[in-house]
Amino acid sequence: MLPRIFGLAPFEDADRPVACIAGLGNPGEEYLETRHNIGFRVIERLAMDLGAAVPVPRLNHSLCEARLEGARLQLIRPWTYMNLSGAAVQLALDLDELLPERLLVVCDDIALPLGTLRLRKDGSSGGQRGLEHIIETLGTDRIARLRCGVGPVPEGVDAADFVLSPFLPEEKKIASSLIARAADAVRCALLEGLQTAMNRYNGAGDPLHGE
C-alpha cells in the first residue's frame with residue numbers, strides 16, 4: 001500500500017509523482033560547500049539513501065526520481081539561484097501537476113543554531129529569501145518547510161557573507177549530522193506525516209553524532 005504522503009491520501013495512479021522535495025541552494029562549484037547550500041546537500045543525501053536515479057537536467061532545475069515504499073518522489077535542486085527559487089519550484093510542480101500541499105522545501109536558516117532542525121507546515125519566510133520567493137511565486141504560505149540551522153551569524157559579520165561561507169573545520173561534523181537528520185526527517189514526514197516528524201526531529205539533536 002502506498003504511504004500517505006504528509007498525511008495526504010496517495011493518488012490512484014501509482015506511477016504519478018506524489019510529492020516534490022525541493023532543496024535550496026546556489027548552482028556552481030564555488031557555492032558547493034557553503035552554508036546556503038545545505039538544502040542541496042540534504043537532497044543529495046536523501047537521493048543516496050533512497051537509491052534515486054542519476055540527476056537529470058530539467059530546464060531550470062535538476063531532478064532525481066526516487067521511490068519510497070512504492071511512492072514516486074521528485075527530488076529537485078533549483079538552478080535559478082537562491083533568491084529566485086520560486087521559478088524552478090513552480091515549474092516542477094506544474095510539470096508534475098502537483099499542488100503546493102505536496103511540496104516540502106529544505107533550506108538553510110541563520111536564525112537557528114548550527115545543528116538545529118525546524119519543520120513547519122506553513123508560515124512566513126522568516127527572512128529566508130529562497131523560501132520567500134517560493135511563497136510569492138506560488139501565492140501561498142501553506143508550504144511545508146524544513147529549516148536547517150547554520151547560525152548564528154558572528155558579531156560584526158555581514159549575514160550575506162556568512163551564508164556564502166563554508167563551514168569551519170570544527171563545524172563540519174555537526175553539519176554532517178544535521179544533513180543526515182534532515183534527510184531522515186523528510187522521510188518521516190513523507191511516511192508518517194508532518195506532525196509526527198515535527199515532534200520527532202524539531203530541535204538540536206545530538207551534536208556529537210557525525211559521520
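These notes cover the structure that comes with them. (Residues numbered from 1 in each chain as written. Predicted model: local features only at pLDDT ≥ 70, side-chain atom pairs only at ≥ 80, totals over all residues. Heavy atoms only, no water.)

1. Observations regarding the overall build of the chain
Then, number 1: Helices and strands together make up the secondary structure of the chain, namely 6 helices and 7 strands.
Then, number 2: Put simply, the chain runs from its N terminus to its C terminus through helices and strands in the order β-α-β-β-β-α-β-β-α-β-α-α-α.
Then, number 3: The C-alpha atoms of the chain give a radius of gyration of 16 Å, which matches the 17 Å a tight globule of 211 residues would have.
Then, number 4: Seen through its C-alpha atoms, the chain measures out along the principal axes to roughly 55 × 35 × 30 Å. (Helix = DSSP H or I, 4+ residues; strand = E, 2+ residues; numbered from the N terminus. Rg over C-alpha atoms; globule rule 2.2 N^0.38 Å.)

2. Some thoughts on the sheet that holds strand β1 (residues 19-23)
Then, number 1: Taken together, 7 strands build an open sheet; the order of strands is β2-β3-β4-β1-β5-β7-β6 and the sheet is mixed. For this open sheet the edge positions go to β2 (56-58) and β6 (117-120), each flanked by a neighbour on one side alone. Taking the axes of each pair of neighbouring strands and ignoring which way they run, one obtains an average angle of 30 degrees across the sheet.
Then, number 2: Where β6 lies against strand β7 (residues 144-151), 4 bridges are found, and the strand directions are antiparallel. Bridging from a neighbouring strand, Leu117 pairs with Cys148 of β7.
Then, number 3: Of the strands in this sheet, β1, β3 (61-68), β4 (71-78), β5 (103-113), β6 and β7 are in contact with helix α5 (residues 172-192), which crosses β7 at around 170 degrees. (Pairing = 2+ DSSP bridges. Axes fitted to C-alpha atoms, helices over the stretch in contact; angles between N-to-C directions. Contact = heavy atoms within 4.5 Å.)

3. So, helix α6 (residues 194-201)
Then, number 1: For α6, the set of buried residues is Leu194, Ala197, Met198 and Tyr201. Around the axis of α6, the buried residues are gathered within 105 degrees of arc, so they sit on the same side.
Then, number 2: Looking at the buried residues of α6, the elements they touch are β6, β7 and α5.
Then, number 3: The positive-phi residue at the C-terminal boundary of α6 is Gly203, with phi of around 130 degrees. (Buried < 20%, exposed > 50% of the residue type's maximum accessible area, 1.4 Å probe, protein only. Arc of directions from axis to C-beta.)

4. Points about the layout of surface pockets
Then, number 1: Taken as a whole, the largest pocket spans an internal volume of roughly 400 Å³.
Then, number 2: Of all the secondary structure elements, the ones that give two or more residues to the lining of the largest pocket are β5 and α4 (159-163).
Then, number 3: Among the elements that take part in the lining of the largest pocket, β5 stands out by supplying 4 residues, more than any other.
Then, number 4: Tallied by class, the residues present in the lining of the largest pocket amount to 8 nonpolar, 6 polar and 3 charged.
Then, number 5: A volume near 220 Å³ is recorded for the second largest pocket. (1 Å grid on protein atoms, 1.4 Å probe; cavity = no way out; pocket = protein on both sides within 12 Å on 5 of 7 lines; lining within 4 Å. Points joined across faces, edges and corners; volume = space filled by probe spheres on them. Nonpolar A, V, L, I, M, F, W, Y, C, P; charged D, E, K, R; others polar.)

Such coordinate-based values are descriptive only and should not be taken to indicate function.
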